[in-house]
Amino acid sequence: MRNLADRTVITVVGDLDLDACPQVSKVTDAVNVRDRTLCLDLVRVAFMDASGLGLLQTLNRNADAHGGHLELSGLQAQPLHVLDLTGTRAQFHMTTPRPPGPRDPAVLRPVQHAAS
């Protein structure tokens, strides 16, 4: 976990599934999202099930309720497919990580979506 001026970045490693969600929740519950961004770095998450989706939706609602934002960074193909299958992709703000610059180690570049 990295706390920056306007955001907290949590890196999730491994599957985001029924077994992992309680551990991720324990960490995210400790983060103050009031008027801040909670960024989940998911670049190392290759698999997500319905439990993972439910956790992301809960985190998103919680952040909104407290004037904050949830940002999903580096989503891999299978978790993106879950969002697409369930029609929930539009609920989330997604970014793609870029290499840190000398002055701004936590800048994320918005994901560009093709027009439908």
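Going by the structure above, here's the rest.
Everything numeric in this text was worked out from a predicted model, so none of it was measured.

(A) Up close: the overall build of the protein chain. If you tally the helices and strands in the protein chain, you get 3 helices and 6 strands. For the protein chain, the sequential pattern of α-helices and β-strands runs β-β-α-β-α-β-α-β-β. The proportion of buried residues among the 116 residues of the protein chain is 40%. Taking as baseline every contact in the protein chain between residues at least 6 positions apart, the subset at least 24 positions apart corresponds to 66%.

(B) Region of interest: the side chain of T88. By the element assignment, T88 lies in the loop between α3 (77-86) and β5 (93-97). Excluding residues that lie within four positions of it along the chain, T88 makes contacts with L53, Q57 and L83.

(C) A look at α3. Those residues of α3 that sit buried are P79, L80, V82 and L83. Each buried residue of α3 sits inside an arc of 150 degrees when the element is viewed along its axis, so together they form one side. Of the residues in α3, the exposed ones pointing more than 90 degrees away from the buried face are A77 and L85. Close packing links the buried residues of α3 with α2 (50-65) and β5. One or two steps after α3, the chain reaches G87, where phi turns positive at roughly 70 degrees.

(D) Quick peek at the pairing of strand β4 (residues 69-73). Summarising burial for β4: 4 of the 5 residues are buried, a large majority. Here strand β3 (residues 37-44) pairs with β4 via 5 bridges, running parallel. Counterpart to L38 in the pairing with β4 is L70. For the handedness criterion, the β-α-β arrangement of β3, α2 and β4 is classed as right-handed.

(E) Fine view of the nonpolar core. With 25 residues, the main nonpolar core has L16, L40, L70, L72 and F92 as its most contacted residues. Elements with a minimum of two residues in this core: β2 (7-13), α1 (21-29), β3, α2, β4 and α3. Ranked by the residues each element gives to this core, the list is headed by α2, at 5 residues. Excluding anything up to four places from it in sequence, L40 contacts I10, V12, T28, L56, L59, L70, E71, L72 and S73.

(F) Representation of unusual backbone geometry within the structure. Here the phi dihedral of D35 falls at roughly 55 degrees; this positive angle occurs in a residue that is not glycine. Among the secondary structure elements, D35 is positioned in the loop between α1 and β3. Overall, D35 belongs to the exposed group, its relative accessible area being 62%.

Thresholds, definitions, all that
Residues numbered from 1 in each chain as written. Predicted model: local features only at pLDDT ≥ 70, side-chain atom pairs only at ≥ 80, totals over all residues. Heavy atoms only, no water. Helix = DSSP H or I, 4+ residues; strand = E, 2+ residues; numbered from the N terminus. Buried < 20%, exposed > 50% of the residue type's maximum accessible area, 1.4 Å probe, protein only. Contact = heavy atoms within 4.5 Å. Arc of directions from axis to C-beta. Pairing = 2+ DSSP bridges. Right-handed = clockwise from strand over helix to strand, strands pointing away. Core = buried A, V, L, I, M, F, W, Y, C linked by side-chain atoms within 4.5 Å.

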